Amino acid sequence: MSSLALVTGATSGIGLAFAERLAADGHDLIVVGRTQDKLDAFADAHPHVKVRTVAADLSTPQGIDAVAAYCADEPLDLLINNAGVAHYMPLADLPAGKAREIVNVKVLAPTLLMNAAVGGMQERGKGTIVNIAGMIAFSGPAGPEVMPRRAVYAGTLAHLVTMSQTLAAELEGTGVTVHVVCPGIVATNFHAAQGIDASAIPRMSTDDFVTGTLRGLELGEVVIAPGIEDRTLLHAVFQADLAAFAGQSPTLATRYQSN
Ligand SMILES: NC(=O)c1ccc[n+]([C@@H]2O[C@H](COP(=O)([O-])OP(=O)(O)OC[C@H]3O[C@@H](n4cnc5c(N)ncnc54)[C@H](OP(=O)(O)O)[C@@H]3O)[C@@H](O)[C@H]2O)c1
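Residues numbered from 1 in each chain as written. Predicted model: local features only at pLDDT ≥ 70, side-chain atom pairs only at ≥ 80, totals over all residues.

**Observations concerning the site of the ligand**
As a reminder of what qualifies: Any residue whose C-beta atom, as placed from the backbone, lies within 6 Å of a molecule or strand is termed near it. Numbering of helices and strands runs from the N terminus; a helix is a DSSP stretch of H or I covering at least four residues, while a strand is a stretch of E covering at least two.
Close to the ligand lie 28 residues, the nearest being Gly-9, Gly-13, Arg-34, Gly-84 and Gly-134. At three residues, the largest contribution of residues to the shell around the ligand is made by helix H1 (residues 13-24).

**Some points on the packing of H1 against helix H6 (residues 206-219)**
Between two packed helices, what matters for the description is the angle formed by their axes and the separation of those axes. How we decide: Throughout, an axis means a line fitted to C-alpha atoms (over the contacting stretch in the case of helices), and angles, computed between N-to-C directions, take values from 0 to 180 degrees. Any angle between 65 and 115 degrees counts as roughly perpendicular, while under 35 counts as roughly parallel, over 145 as roughly antiparallel, and the rest as oblique. Crossings are assigned a handedness: left-handed for a near helix turned anticlockwise from the far helix by less than a right angle, right-handed for a clockwise turn. A pair of residues counts as a contact when their C-beta atoms, built from backbone coordinates, are separated by no more than 7 Å. In this count, Pro and Cys sit with the nonpolar residues alongside Ala, Val, Leu, Ile, Met, Phe, Trp and Tyr, while Asp, Glu, Lys and Arg are called charged and the others, Gly among them, polar.
Packing of H1 against H6 leaves a shortest axis separation of 9 Å and a crossing angle of 60 degrees. Comparing the axis directions of H1 and H6 gives the class oblique. The two elements H1 and H6 meet at a crossing, and its hand is right-handed. Mapping the contact onto sequence places Gly-13, Ile-14, Ala-17, Phe-18 and Arg-21 in H1 and Thr-206, Asp-207, Phe-209 and Val-210 in H6. Taken together, the residues that form the contact of H1 with H6 break down as five nonpolar, two polar and two charged.

**Focus: the sheet that holds strand S3 (residues 51-55)**
We apply this condition: Pairing between strands is defined by DSSP: at least two bridges between the two strands are required.
Sheet architecture is open: seven strands sit in the order S3-S2-S1-S4-S5-S6-S7, paired in parallel fashion. The two strands at the open ends of the sheet, each matched to only one other strand, are S3 and strand S7 (223-224). Helix-sheet contacts for H1 involve strand S1 (4-8), strand S2 (28-33), strand S4 (78-81) and strand S5 (127-132), and the interaxial angle to S1 is about 165 degrees. Lying on the sheet, helix H4 (residues 96-124) is in contact with S4, S5 and strand S6 (176-181); it crosses S5 at an angle near 165 degrees.

**Some details on the nonpolar core**
Selection criterion: Nonpolar core, as used here: buried Ala, Val, Leu, Ile, Met, Phe, Trp, Tyr and Cys residues forming one set through C-beta atoms within 7 Å. Counts of 20 or more other C-beta atoms within 10 Å of a residue's own C-beta define buried residues, counts of 12 or fewer define exposed ones, and intermediate counts define partly exposed ones; C-beta atoms are placed from the backbone.
Counting 66 residues, the largest nonpolar core has Val-7, Ala-19, Val-31, Cys-71, Leu-79 and Ala-117 as the members making the most contacts within it. Counting residues per element, this core draws most heavily on H4, at nine residues. Setting aside residues no more than four positions away along its own chain, Val-31 makes contact with Val-7, Ala-10, Ala-19, Leu-39, Phe-42, Val-51 and Thr-53.

**As for the pairing of S5**
A large share of S5 lies buried, amounting to five of its six residues. In this structure, S4 lies alongside S5, joined through four bridges in parallel fashion. Among the inter-strand pairings, Leu-78 is bridged to a residue of S5, identified as Thr-128. Relative to S6, S5 is paired through six bridges, and the arrangement is parallel. Looking across to S6, one finds that Ile-129 is bridged to Val-178.

**Examining H1**
Heads up, the condition is: To estimate how far a helix should extend, the number of its residues minus one is multiplied by 1.5 Å.
Given a rise of 1.5 Å per residue, twelve residues ought to cover 16 Å, and the 17 Å separating the end C-alpha atoms of H1 matches this to within 8%. Those residues of H1 lying buried are Ile-14, Gly-15, Leu-16, Ala-17, Phe-18, Ala-19, Leu-22 and Ala-23. Here the buried face of H1 lies against S1, S2, helix H2 (36-45), S4, S5 and H6. Backbone geometry just after H1 places Gly-26 at a positive phi near 90 degrees.

**Some words on helix H5 (residues 151-170)**
For H5, with 20 residues, the first-to-last C-alpha span of 28 Å sits near the 28 Å given by 1.5 Å per residue. Of the surrounding elements, those touching the buried residues of H5 are H4, S5, S6 and S7.

**Quick notes on the pairing of S2**
Selection rule: By convention a crossover is right-handed if, when the strands point away from the viewer, the path from the first strand over the helix to the second runs clockwise.
Burial within S2 is extensive, with five of its six residues counted as buried. Sheet topology places S1 next to S2; five bridges connect them, and they run parallel. When the bridges of S2 are listed, Thr-8 appears paired with Val-32. In terms of handedness, the path from S1 via H1 over to S2 forms a crossover that is right-handed. In this view, the connection linking S2 to its parallel neighbour S3 by way of H2 has right-handed handedness.

**Describing the packing of helix H3 (residues 61-73) against H4**
Between H3 and H4, whose axes approach to 7 Å, the crossing angle comes to 20 degrees. Our classification of the angle between H3 and H4 gives roughly parallel. Considering the relative orientation of H3 and H4, their crossing is right-handed. In this structure, H3 contributes Ile-64, Val-67, Ala-68, Cys-71 and Ala-72 to the contact, and H4 contributes Leu-108, Ala-109, Leu-112, Leu-113, Ala-116, Ala-117 and Gly-120. Grouping the constituent residues of the contact of H3 with H4 by class yields eleven nonpolar, one polar and no charged.

Worth remembering: the numbers are spatial, not functional.
And the structure:
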């Protein structure tokens, strides 16, 4: 029996690579992006599977609702929340409209698409949700000399990591699994689109990134990091998170007590 996957941001880069791999593996697809011509070209190039195209702008409530309706009404086996923009900029310079766009595309849209899809997946007792975040989610402690100015984008990726981990635990035993994938730098137009030349930086191919993600799903990893060789690095982060979480107390910490 064929399975059905919905991929957002399927018109280029990582999302297109996922859609191509899934089509090659025989999955029917619902492909989402803003550019109808590119979606149509994808459907024309993959006649051996059923491809439906949804042109929607996930930075708008209407666009999110339109895609959420597919997530609620269609028996999705796989939801890949991949669409993204970054708009690297110091916060004071970031126009409010661009801040809203980042948060809508990277936080609100994935949240509402998961919200729409998860009930049906639970009823069917199966389903896989994949959120594309990034290693920048772990970069919060970095100093200004290391980090370009991109606080809003970094925050959205951290949201995806924490929400995916928490939802994965919430859905344990239901047959529905949730995963978050953290690219380092992948060879797409993502950086060039914002005027950043990343071509000199070693980048993972989209093909390797998709292969790593699919293998991570097989391994049952909630946080999948295709560019991290030493998985204990991630476990150390999670253990430190849990230790800090467990270290809280109702007693005011000594260093905060007035002199
Ligand atoms: N490349 C990297 O190094 C890297 C690193 C870390 C994380 N990521 C994450 O990976 C994801 C994919 O990025 P990519 O590298 O493949 O970039 P990309 O080639 O620029 O692709 C971005 C995709 O998102 C879609 N999109 C953007 N805004 C949208 C909107 N308002 N509504 C609907 N679709 C929208 C685009 O489609 P249309 O233009 O057709 O709308 C396009 O298909 C992003 O979420 C990004 O945060 C990438």
